[in-house]
Amino acid sequence: MDEAIEWTDRRIVDGGAVEQGFRLAREAGVVPGVLWLPPSPIASPAPPVLLGHGGSGHKRSERTASPARWFASHAGLAALAVDGPYHGERVPSPLSAAEYQGRIADEGIDVVLDRMADDWQAAVGALGALGMVDTDHLAYLGMSMGTRFGIPLAAALGDRLRCAVLGKFGLRQGPALHQGLETPERMATDARQITAPALFHVQWHDEIFPRDGQLALFDALGSPDKQLIGYTGPHAETKPAAITLWRDFVFRHLAAAPHR
């Protein structure tokens, strides 16, 4: 099967930014995604921010869509999100955490990690081939499950990745998660291959990913320029100030990069 994009819904959102849904047909299956573009035509394709959602969300969750709209309407950047495995349009109806974690574990976590990295790269490549995004200057932002699948992707992107914002995830996990999802050696190996500037967010009282495992993952990142931020509170808590730091970090590194 040739990879082809089918455009779905289109609407104008905050500040005139364009939100465009799509489905990318691949040999391994269909990749459902959303692309956000700046409101005004620009001379060259905008660098995209790849947004990975958490385990309780999907590509259009407000935690994903809100920063996407900000990047497109205020920063002049594109933003791209795709559904995670067994999330969003990849399943007929929403699955509980135990259900989707069990399916990932049954399939094999390494298999799913590799497939998600391939899906992301295929989506970027297809949009780049249409002249809609700059495929040489990319950023990644994703917390929790967004970091689980973002680290292998960030490693695969190499020097095309200009920065990454990661966190709420570590080399150890608590009993709430399926044991088959734990891959500390794979995560540490992939993290060491990431050399782009990185911002890592730790929730100091995270009940899902122990703090020492999060700090160990930060330590494993191969980025010469990496920063650590920590906030009190449980896993699901995110203070508005933290989101501002994430956005500013991406904008500073991606908008300043010369692009075609």
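Figured I'd write up the structure that's included with this text. The model shown is predicted, which means the values in this text are computed figures rather than measured ones. (Residues numbered from 1 in each chain as written. Predicted model: local features only at pLDDT ≥ 70, side-chain atom pairs only at ≥ 80, totals over all residues. Heavy atoms only, no water.)

1. Let's talk about the overall build of the protein chain
Quick reminder of the rule: A run of DSSP states H or I qualifies as a helix once it reaches four residues; a run of E qualifies as a strand once it reaches two. Both are numbered from the N-terminal end. Each radius of gyration reported is based on C-alpha atoms, and the globular scaling rule is 2.2 Å times the count of residues to the power 0.38. Each residue's exposure class comes from its accessible area (1.4 Å probe, protein chains only) as a fraction of the maximum for that residue type: buried when under 20%, exposed when over 50%, partly exposed otherwise. Contacts are assigned to residue pairs with any non-hydrogen atoms lying within 4.5 Å of each other. The convention is simple: Lys and Arg are positive, Asp and Glu are negative, and His and the chain ends are not counted. Taken as the charge location is NZ of Lys, CZ of Arg, CG of Asp or CD of Glu.
Counting secondary structure elements, the protein chain contains 7 helices and 9 strands. The globule rule puts the C-alpha radius of gyration for 260 residues at 18 Å, and the 17 Å found for the protein chain is close to it. In the protein chain, buried positions account for 56% of the 260 residues. In the protein chain, the proportion of contacts linking residues at least 24 apart, taken out of those at least 6 apart, comes to 72%. For the protein chain, the distance from the average position of its 24 positive side-chain charges to the average position of its 30 negative side-chain charges is 4 Å.

2. Examining helix 5 (residues 184–192)
Of the positions making up helix 5, those classed as buried are Arg186, Met187, Ala188, Asp190 and Ala191. Those residues of helix 5 hidden inside the fold are in contact with helix 3 (109–129), helix 4 (145–157) and helix 6 (211–220).

3. Overview of the sheet that holds strand 9 (residues 226–231)
Note on sheets: strands pair through backbone hydrogen bonds, and any given pair is parallel or antiparallel. What counts, and what does not: The criterion for strand pairing is that DSSP finds at least two bridges linking the strands in question. Angles here are taken between N-to-C directions and fall from 0 to 180 degrees, while the axes themselves are lines fitted to C-alpha atoms, restricted in helices to the stretch in contact.
Strand order in the open sheet formed by 9 strands is 1-2-3-5-4-6-7-8-9, with mixed pairing between adjacent strands. With partners counted over all chains shown, the strands left at the sheet margins are strand 1 (4–12) and strand 9, one partner each. Each adjacent strand pair in this sheet contributes to an overall mean axis angle of 20°, direction not counted. With 7 bridges connecting them, strand 1 and strand 2 (residues 18–26) associate as antiparallel partners. Following the sheet pairing, Ile12 is matched in strand 2 by Val18. The strands touched by helix 1 (residues 62–74) within the sheet are strand 3 (29–37), strand 4 (48–52), strand 5 (78–82) and strand 6 (138–142), with strand 3 carrying the most contacts at an inclination of about 45°.

4. A word on the environment of Ala216
With respect to the secondary-structure elements, Ala216 resides in helix 6. When the C-alpha positions of Ala216 and Pro184 are compared, they lie 9.9 Å apart, and in sequence the two are 32 residues distant.

5. What about the nonpolar core?
Selection rule: As used here, the term nonpolar core means buried Ala, Val, Leu, Ile, Met, Phe, Trp, Tyr and Cys residues forming a set that is joined through side-chain atoms within 4.5 Å.
In this structure, Leu50, Leu80, Trp120, Leu161 and Leu221 are the most contacted members of the largest nonpolar core, which totals 57 residues. Looking at which element gives the most residues to this core, the answer is helix 3, with 11 residues. When residues no more than four places from it in sequence are discounted, the contact partners of Leu50 are Leu80, Trp120, Val124, Ala139, Tyr140, Leu141, Leu153 and Leu157. In this structure, Ala68, Cys163, Val165 and Ala242 belong to the second largest nonpolar core, which totals 28 residues.

6. Let's talk about the packing of aromatic side chains
Rules: To pair, rings of Phe, Tyr and Trp, with the six-membered ring standing in for Trp, must have centres within 6.5 Å; the planes then decide the type, stacked if under 30 degrees apart, edge-to-face if over 60, and tilted in the middle.
Tallied over the entire structure, the rule returns 5 aromatic pairs. Seen from their ring centres, Trp120 and Tyr140 are 6.1 Å apart, and the 85° between their planes marks the pair as edge-to-face. Placement of the pair is Trp120 in helix 3 and Tyr140 in strand 6, with a sequence separation of 20 residues. The exposure class assigned to Trp120 is buried, which follows from its relative accessible area of 2%. Classification of Tyr140 as buried rests on a relative accessible area of 2%.

What is shown is where atoms sit, not what they do.
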